[in-house]
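# Breakdown of the fold
Each chain, letter by letter, is given below.
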Amino acid sequence: LFAIFAFATCGGYSGGLRLSVDCANKSESDLNIDIAFAYPFRLHQVSFDAPTCEGKRREKLSLIGDFSSSAEFFVTIAVFAFLYSLAATVVYIFFQNKYRENNRGPLIDFIVTVVFSFLWLVGSSAWAKGLSDVKIATDPDEVLLLMSACKQQSNKCLPVRSPVMSSLNTSVVFGFLNFILWAGNIWFVFKETGWHSSGQRHPPDTMEKQSSSYNQGGYNQDSYGPAGGYNQPGSYGQVGDYGQSQSYGQSGPTSFANQI
């Protein structure tokens, strides 16, 4: 959606300005000189006729500048970003197993995301500079300076209407928003790669240390073995006063404890 807004507000732009030249001889005046321009902003190809205020002769002028490179670069990035986002969405939904197979899908996705983040930054910066130049080249006051009639103080040259650049300003804003969006998405794509999962695993020696320390705990020791008093033969005969009598067996107190 952000990519659509970016290339739609820039690639679909068309605007214009209107100038007024009031000659000393009113019959030679032209109060409505319309100049229209549009994407890709090859302004040097935009021509218009203006009065010279010297009889009926008119001169053919054109705007100055060619800003198509930055504008077309910006729109191209936006279109390809939209197509890739659409394709990635289809893969995420319908081909999730293929995407995770051999970790190739996340790695390609990560690299493409980094590349698009860089391109959005470069393209948005270039288009912001290009738009600034377009505004200067289409400024009615600057265009009036191109007319020979406006260089004579007896003639009055006035701007009637300036071009509306709000949609182009919006395109620059969406360009930098796309950069923030794609740059922030790098982290989420990185989490899908094997690089992130391998970093989260415990080292083998750490696991072995934890396992050995657990096996050495008190639960695996035979607390009822030779160290305990219950498993020692003849303990009853040796502790109490009962062992002094020989009436419990032929072998004395020890044989009685063994019988028990």
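As recorded in an unreviewed UniProt entry, the protein goes by the name SYNPR protein, listed as coming from Chauna torquata. Under the heading Sequence similarities (unreviewed entry), UniProt records this for the protein: "Belongs to the synaptophysin/synaptobrevin family." According to the UniProt record, the Subcellular location (unreviewed entry) comment for the protein is "Membrane".

Turning our attention to the environment of Val173. For Val173, the position within the fold is in helix 6 (residues 166-190). Residues Val173 and Phe5, spaced 168 residues apart in sequence, show a C-alpha to C-alpha distance of 10.0 Å.

Sizing a probe to match a water molecule and rolling it over the atoms shows the empty space that remains. In this structure, the largest pocket occupies an estimated 320 Å³ of space. Considering the residues around the largest pocket, the lining is formed by 17 residues, among which Ala81, Ser85, Leu181, Trp182 and Asn185 are closest to the centre. Mapped onto the lining of the largest pocket, the elements with two or more residues apiece are helix 1 (2-11), helix 2 (68-94), helix 4 (104-137) and helix 6. Ranked by the residues each element gives to the lining of the largest pocket, the list is headed by helix 2, at seven residues. Each residue belonging to the lining of the largest pocket can be placed in one class, and the counts come to eleven nonpolar, five polar and one charged. Lining the second largest pocket are Tyr84, Ala87, Ala88, Val91, Tyr92, Lys98, Tyr99, Glu101, Arg104, Gly105, Ile108 and Asp109. Broken down by secondary-structure element, the contributors of at least two residues to the lining of the second largest pocket are helix 2, helix 3 (96-100) and helix 4. Looking at which element gives the most residues to the lining of the second largest pocket, the answer is helix 2, with five residues. Here the lining of the second largest pocket is composed, by residue class, of seven nonpolar, one polar and four charged.

Rules and cut-offs
Residues numbered from 1 in each chain as written. Predicted model: local features only at pLDDT ≥ 70, side-chain atom pairs only at ≥ 80, totals over all residues. Heavy atoms only, no water. UniProt positions renumbered as here; feature names shortened; annotations may be inferred. Helix = DSSP H or I, 4+ residues; strand = E, 2+ residues; numbered from the N terminus. 1 Å grid on protein atoms, 1.4 Å probe; cavity = no way out; pocket = protein on both sides within 12 Å on 5 of 7 lines; lining within 4 Å. Points joined across faces, edges and corners; volume = space filled by probe spheres on them. Nonpolar A, V, L, I, M, F, W, Y, C, P; charged D, E, K, R; others polar.

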